[in-house]
Amino acid sequence: MDEALKPSPIQENLRVLTDEIGGRVPGTPAMEKAIHWGVDAFKAAGADNVKVESYSIPHSWQEGATRVSVTSPAQFNLRAVSVGWAPATNGAVKARVADVGKGDAAGFSKAGDVSGALVLVHTETMKTWDDLFAEYLKAPAILDAAIKGKAAGIAFISTRERDLLYRHINTNHGEIDRLPIVIVAREDGERLARLVAKGAPVEAEFDLPNKIGEAIQAANVVAEIKGREKPDEYVLLGAHLDSWDLGTGALDNGCNAALVIDALRAIKASGVPPRRSIRFALFTGEEQGTLGSHAYVVAHRDEMDKVAGVLIFDEGTGKATGFSVGGRKDVVAPVTSMVAPFKTWGATKLTIDAFVGTDNLDFLLEGVPTLVTNQVEANYLENYHASSDTYDKVDFDQLKKHVAIAAALVSEIADAPQPLGPRQNRAQVEALVKETHLDDQLKAFGMWQEFEEGKRGRAR
């Protein structure tokens, strides 16, 4: 921990990643540059070895010049961005606007016929982690209802104020979405809603000239410090390197990619090699449905019995409060002991929840003990996926504390006499998924069938 708190290249590493490389979508030149950045930074930090591990994503995607405008009874342009992996329109689409309220059954029922319409969906302003998860969880049912009603497209009102735009995605396997979908600035969306509420027909025109390509090769960057006694067993510390492209991906998740590299530096500089090996992973494709970490698990499935534990950081630089143990009540006792040194920083609270949304998921479904760092929201939510997610938002004092926490915790797991917990068998994983209601999330995000059929997660 002392070594981790010393001055280090972390700020300059992150500056290069965000200011010089910028937003990092798989399949783009920026993502390729980020891969090289990760390799070079790991080597400079003292890694024993560094590998680039490739995998495939079904389609490349890049936003075109998205345009949404009202043509009647007024004429004005709406500030808007396409949702990620949304299909392209074949030129401009003219459509009436149908306000479906919050997009629930009552809202669609009140709107009536939505065939050929641009469906307008209201949102609440986002204030908490629960609000963020709700935004994702509600989207699939809204999309289903819009398709059933034969709508031409969907316009979600931004959950952020002051015209702030951001990019989300509603697919989870790298496939192209089923309808053109945009996010419109909150102020413009509310103006549009008021026009519709007056009763006269509101006509709009939207154009999504998104650039969609064939399958692409993406890659994770994986570095390692070899263990002195059990080199074939390992602990994994990970964060995702990719980001959306409106901002420069500083809080989500460049700061934690830089953290992973700096934790390696601190452990290596301490001069004490761990008992087990420690792997340091920069996953990609996380924003498209944790594709990189899933690919890693598939490629390394024969090693899963030897993974002593996984620790993931993915919540910006808000103060760490503790860790989610992914539903594993059996690891609470050993983890409680391991996090005791973080008491002065208030980072010792453990939660038993399990959730979809970051790179621990496929390890958890394989029965491997996982930890995800819980953090306060701080300035994360308003900048999440947004044009405002830039280097200046990073709290480096807090980030250095997180480096110390990460380096110390993975070292403790690596040096412990036993793994963090035993690998669960398929029946135990299935029981955990039901007990934590992770099954509801897997269903909402379109992942349940492949899990239920045994195509994802530990084999039966």
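Just above, that's the structure.
For clarity, every value in this text was computed on a predicted model and none was experimentally measured. Counting from 1, residues in each chain are numbered in the order their sequence is written. In view of the model being predicted, local features appear only for residues whose pLDDT reaches at least 70, and side-chain atom pairs are presented and counted only at 80 or more, with totals across whole chains, interfaces and linings using the full set of residues. Think of the side-chain values as coming from all heavy atoms in the structure, minus any hydrogens and water.

Secondary structure summary: the protein chain contains 15 helices and 18 strands in total. The classification of residues rests on relative accessible area computed with a 1.4 Å probe and restricted to protein chains. Under 20% of the type maximum is buried, over 50% is exposed, and intermediate values are partly exposed. Counting all 460 residues of the protein chain, 59% fall into the buried class. Every residue pair with non-hydrogen atoms within 4.5 Å of one another is taken to be in contact. Of all intrachain contacts in the protein chain linking residues separated by at least 6 positions in sequence, the fraction that spans at least 24 positions is 84%. Note that accessible areas follow from Shrake-Rupley with a 1.4 Å probe, and for residues the cover is restricted to the protein chains shown. Accessible surface for the protein chain amounts to roughly 17,800 Å². Of this, 52% is attributable to carbon and sulfur atoms. For the charge count, each Lys or Arg is scored as positive and each Asp or Glu as negative, with His and the chain ends excluded. Here the site of a charge means NZ on Lys, CZ on Arg, CG on Asp, or CD on Glu. Side-chain charges in the protein chain split into 51 positive and 64 negative, and the spacing between the mean points of these groups amounts to 2 Å. Under the DSSP-based scheme used, a helix requires at least four consecutive residues in state H or I and a strand at least two consecutive residues in state E, with every element numbered from the N terminus.

Here Gly91 is to be found in the loop between strand E5 (80-82) and strand E6 (93-99). It is 27 Å that separates the C-alpha atoms of Gly91 and Arg24, two residues lying 67 residues apart in sequence. Setting aside residues up to four positions removed in sequence, Gly91 forms contacts with Phe206 and Asp207.

Moving on, we get to unusual backbone geometry. Here Ser72 and Pro73 are connected by a cis peptide whose omega angle stands at 5°. Turning to its location among the elements, Pro73 is positioned in the loop between strand E3 (67-72) and strand E4 (76-78). Residues Asp252 and Asn253 are joined by a peptide bond in cis, for which omega reads 5°. Examined against the element boundaries, Asn253 turns out to sit in helix H7 (residues 250-270). Even without being a glycine, His385 presents a positive backbone phi close to 65°.

This part takes up the packing of helix H2 (residues 10-21) against helix H3 (residues 29-45). H3 packs onto H2 with a crossing angle of 165° between their chain directions and a minimal axis gap of 10 Å. In terms of their interaxial angle, H2 and H3 are classed as roughly antiparallel. Considering how the two elements wind past one another, H2 and H3 form a crossing that is right-handed. Facing H2, whose interface residues are Asn13, Val16, Leu17 and Ile21, H3 presents Ala30, Lys33, Ala34, Trp37 and Ala41. Along the lines of polarity and charge, the residues of the contact of H2 with H3 split into 7 nonpolar, 1 polar and 1 charged. An axis is simply a line fitted to the C-alpha atoms; with a helix, the fit covers only the stretch in contact. Between two such axes, the angle follows the N-to-C directions and lies from 0 to 180 degrees. These descriptions rest on fixed angle ranges, namely under 35 degrees for roughly parallel, over 145 for roughly antiparallel, 65 to 115 for roughly perpendicular, and the rest for oblique. For a crossing to be left-handed, the near helix must be turned anticlockwise from the far one by less than a right angle; the clockwise case is right-handed. When residue character is reported, Ala, Val, Leu, Ile, Met, Phe, Trp, Tyr, Cys and Pro are called nonpolar, Asp, Glu, Lys and Arg charged, and the others, Gly included, polar.

This brings us to the pairing of E6. Side-chain positions along a regular strand alternate between the two faces of the sheet. With 4 bridges connecting them, E6 and strand E10 (residues 203-207) associate as antiparallel partners. The partner of Ala95 across the bridge, within E10, is Ala204. As paired elements, E6 and strand E7 (residues 118-121) share 3 bridges and run parallel to each other. Each residue of the ladder has a partner; that of Val97, found in E7, is Leu118. Here, a strand pair is defined by DSSP locating no fewer than two bridges between the strands.

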